[in-house]
Amino acid sequence: MFDCIIIGGGPAGLNAALVLGRAKRKVLLLDENKPRNAVTHASHGFLTRDGIKPSAFKEAAYADLRKYPNIEWAQVRVGAMTKEQGGFSVQTETKETYHAWKILLATGLKDQLPDIAGIESFYGSSLFPCPFCDGWELRDRPLVVICEDERVLHLGKLIWNWSKDLVICTNGQRFLTDEQKTAFLANGIKVIEEEIAALEGEDGQLQNIRFADGQEINREGGFVAVDLQQAEAFGKALGCTYNEQGGIKTDPFGRTSVAGVYASGDTTFNGPQQLILAAAEGSKVGAGIVIDLVDEEF
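Residues numbered from 1 in each chain as written. Predicted model: local features only at pLDDT ≥ 70, side-chain atom pairs only at ≥ 80, totals over all residues. Heavy atoms only, no water.

Asks: When you look at the packing of aromatic side chains in this model, what are you seeing that I'm missing?
Replies: What characterises a pair of aromatic rings is the spacing of the ring centres plus the angle enclosed by the ring planes. Scanning the model with the defined rule gives 5 aromatic pairs in all. Seen in terms of ring centroids, Phe 128 and Phe 223 are 6.3 Å apart; in terms of plane orientation they differ by 50 degrees. Their pairing is tilted. With Phe 128 in strand S8 (residues 127-128) and Phe 223 in strand S15 (residues 222-224), this residue pair connects regions lying 95 residues apart in the sequence. Here Phe 128 falls in the buried class, since its relative accessible area comes to 8%. Measuring from centroid to centroid gives 5.5 Å for Phe 132 and Trp 162, while their planes differ by 90 degrees, and the two rings are edge-to-face. One end of the pair, Phe 132, is in helix H4 (residues 131-134); the other, Trp 162, is in the loop between helix H5 (152-159) and strand S10 (166-169), with 30 residues separating them in the sequence. The ring of Phe 2 carries Lys 26 above its face, with NZ or CZ at 5.0 Å from the centroid. (Phe/Tyr/Trp six-rings, centres within 6.5 Å; stacked < 30°, edge-to-face > 60°. Helix = DSSP H or I, 4+ residues; strand = E, 2+ residues; numbered from the N terminus. Buried < 20%, exposed > 50% of the residue type's maximum accessible area, 1.4 Å probe, protein only. Lys NZ or Arg CZ within 6 Å of the ring centre and 35° of its normal.)

Below is the structure:
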């Protein structure tokens, strides 16, 4: 019987495991090892780890966990989990069954890219979702912002901070008012509302955008607004309440609406999706689980 089973081996799950392990708790971390940031060549904004490869970050994390014999982990996909008397049962797709008093869901999100020919070839290499993560590397270059909804009003202004050579593409969507387009143009930002036929370039580096009406523009990279979806539906299966953004609703220490079930990291939609923020939240939620275990045992 584990004190806590953690589902997901991203920064939130890994840091929660570290906190729980250092509290002498018996922990099992189950990680399918299909991270959302697998397409990312380097992660930025994490002090002492700026520019680290996601795979190297994970290797360093597991090196820390190996110091604690009460932390176990396995690379396996979870198939199902159920609430049982006093705890939870977790079944993997390879037919193992584990039991724990607490469950921490740290399964993260997955990106849904716009339906544009060639976009997958550039995502994570020269097209990115977050300027705070990758804006510095693209600074002062000819950039594009691809966004099919009103988020462009925020994203366009934000990217302008890193490059004044900016073109906004709405991929055939015409939701901007004349006033909004005039505001962009006043700051040197061109708006193209034509449908994008294809993105072109080599070795992951964007070079050209071709539109359905025949026009083309040269760009060296940029940012794209993606839709975010839960990577797994375990929260729904357990009966957790979700917030308006589609994240699992929690209190500040990761407690969900289901007693004994916690959530942390991107799966909660609590804010920007960044490595350092997910790790910090994992640490806090790990401490919250320890507090609850102690209160129940005392």
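So, next bit.
Asks: Would you mind going over helix H2 (residues 54-65) with me for this structure?
Replies: At 3.6 residues per turn, the α-helix brings residues three or four places apart onto the same side. Taking 1.5 Å per residue as the helical rise, H2 with its 12 residues ought to reach 16 Å, and the 17 Å between its terminal C-alpha atoms agrees with that figure. Looking at the buried side of H2, the elements it contacts are helix H1 (11-22), strand S2 (27-30), strand S3 (71-74) and helix H8 (275-297). (Expected span 1.5 Å × (residues − 1). Contact = heavy atoms within 4.5 Å.)

Asks: I tried to follow the pattern of salt bridges on my own but got confused; where do I start?
Replies: Evaluation of the coordinates by the stated rule reveals 18 salt bridges. Close ionic contact of Asp 31 with Lys 58 constitutes a salt bridge, the shortest N to O distance being 2.6 Å. Here Asp 31, found in the loop between S2 and H2, pairs with Lys 58, found in helix H2; they are 27 residues apart in sequence, far enough to count as distant. Under the relative-accessibility criterion, Asp 31 is labelled buried at 8%. Since its relative accessible area comes to 14%, Lys 58 is described here as buried. Here Glu 232 makes a salt bridge to Arg 77, at a shortest N to O gap of 2.7 Å. You can see Glu 232 sitting in the loop between strand S16 (227-230) and helix H7 (234-238) and its partner Arg 77 sitting in the loop between S3 and strand S4 (78-84), a full 155 residues away along the chain. On the basis of relative accessible area, Glu 232 is assigned to the buried category, the value being 19%. What emerges from the salt-bridge pattern is a single network uniting Glu 32, Arg 77, Glu 93 and Glu 232. (Salt bridge = Lys/Arg side-chain N within 4 Å of Asp/Glu carboxyl O.)

Asks: In this structure, what is going on with the layout of surface pockets? I would like to understand it.
Replies: Unfilled space is identified by rolling a water-sized probe across the atoms. Of the volumes computed, that of the second largest pocket is approximately 260 Å³. What lines the second largest pocket is a set of 14 residues, among which Asn 15, Phe 46, Phe 57, Ala 61 and Asp 64 lie closest to the centre. Taken together, the elements giving at least two residues each to the lining of the second largest pocket come down to H1 and H2. Here the element with the most residues in the lining of the second largest pocket is H2; it accounts for 5 residues. Looking at the lining of the second largest pocket, its residues break down into 10 nonpolar, 2 polar and 2 charged. (1 Å grid on protein atoms, 1.4 Å probe; cavity = no way out; pocket = protein on both sides within 12 Å on 5 of 7 lines; lining within 4 Å. Points joined across faces, edges and corners; volume = space filled by probe spheres on them. Nonpolar A, V, L, I, M, F, W, Y, C, P; charged D, E, K, R; others polar.)

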